[in-house]
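Okay, here's what each chain looks like letter by letter:
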Amino acid sequence: MANIKEYQPINGVVEPDFLEYLKKTFQKWQQNFEERVTTGTREIAKLQERVMGAKLNSRYGFEAIARRDLDDEGQDCFTLMIYKNREAVVSEPPLYHFTVKIYR
């Protein structure tokens, strides 16, 4: 019988392939910003839908907070933070934090 831990999500929360998808997406968006290309709302909405799907498919669930704000310099940016669970949002730092500037 195979070791059950091999099939559990990383940190009991997020799948490694999903983290790789997030990393590549945010790298692409960072490149868009550097090349002065706007990351559109449709692309952001698509990411948010994938995050919600991953949350539903996760064995233990996780809490994801996504927001589009202005940073300290007044630049438009998008941030995604992933927490272990809903209670962790209040009391713990995020397990994963992604942020990128959006060219407008």
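Coordinates for the structure precede this section.
Residues numbered from 1 in each chain as written. Predicted model: local features only at pLDDT ≥ 70, side-chain atom pairs only at ≥ 80, totals over all residues. Heavy atoms only, no water.

1. Section: the layout of surface pockets
Using a probe with the size of a water molecule, rolled over the atoms, empty space left in the structure can be pinpointed. Looking at the largest pocket, its volume works out to about 170 Å³. Lining the largest pocket are Val14, Glu15, Asp17, Phe18, Tyr21, Arg50, Ala54, Asn57, Ser58 and Phe62. Contributions of two or more residues to the lining of the largest pocket are made by helix H1 (16-34) and helix H2 (41-57). (1 Å grid on protein atoms, 1.4 Å probe; cavity = no way out; pocket = protein on both sides within 12 Å on 5 of 7 lines; lining within 4 Å. Points joined across faces, edges and corners; volume = space filled by probe spheres on them. Helix = DSSP H or I, 4+ residues; strand = E, 2+ residues; numbered from the N terminus.)

2. Brief notes about the sheet that holds strand S3 (residues 96-101)
Spatial strand order, S1-S2-S3: three strands in an open sheet with antiparallel pairing. The sheet is open, and its two edges are formed by strand S1 (63-70) and S3, each paired on a single side. Across the sheet, the axes of successive neighbouring strands diverge by a mean angle of 10 degrees, strand direction being ignored. Here H2 sits on the sheet in contact with S1 and strand S2 (76-83), set at roughly 160 degrees to S1. (Pairing = 2+ DSSP bridges. Axes fitted to C-alpha atoms, helices over the stretch in contact; angles between N-to-C directions. Contact = heavy atoms within 4.5 Å.)

3. Quick look at the environment of Glu63
By the element assignment, Glu63 lies in strand S1. When the C-alpha atoms of Glu63 and Arg86 are compared, they prove to be 5.5 Å apart, with 23 residues separating the residues in sequence. In this structure, Glu63 is in contact with Lys55, Met81, Ile82, Tyr83, Lys84, Asn85, Arg86 and Val89, ignoring residues within four places of it in sequence. Side-chain polar atoms of Glu63 contact the side chain of Lys55, separated by 3.2 Å. (Polar contact = N/O pair within 3.5 Å; in protein donor to acceptor, adjacent residues only side chain to side chain.)

4. Thoughts on the pattern of salt bridges
Summed over all chains, the structure comprises seven salt bridges. A salt bridge links Glu43 to Lys28; its shortest N-O distance comes to 3.1 Å. One end of the pair, Glu43, is in helix H2; the other, Lys28, is in helix H1, and 15 residues separate them in sequence. Assessed through its relative accessible area of 24%, Glu43 is described here as partly exposed. Across the pair Asp69 and Arg67 runs a salt bridge whose closest N-O atoms are separated by 3.4 Å. Taking relative accessible area as the criterion, Asp69 reaches 36% and is therefore assigned partly exposed. You can call Arg67 partly exposed: its relative accessible area is 39%. A network of salt bridges, in which partner residues are shared, links Lys55, Glu63 and Arg86. (Salt bridge = Lys/Arg side-chain N within 4 Å of Asp/Glu carboxyl O. Buried < 20%, exposed > 50% of the residue type's maximum accessible area, 1.4 Å probe, protein only.)

Remember, this is a structural readout, not a statement about activity or role.
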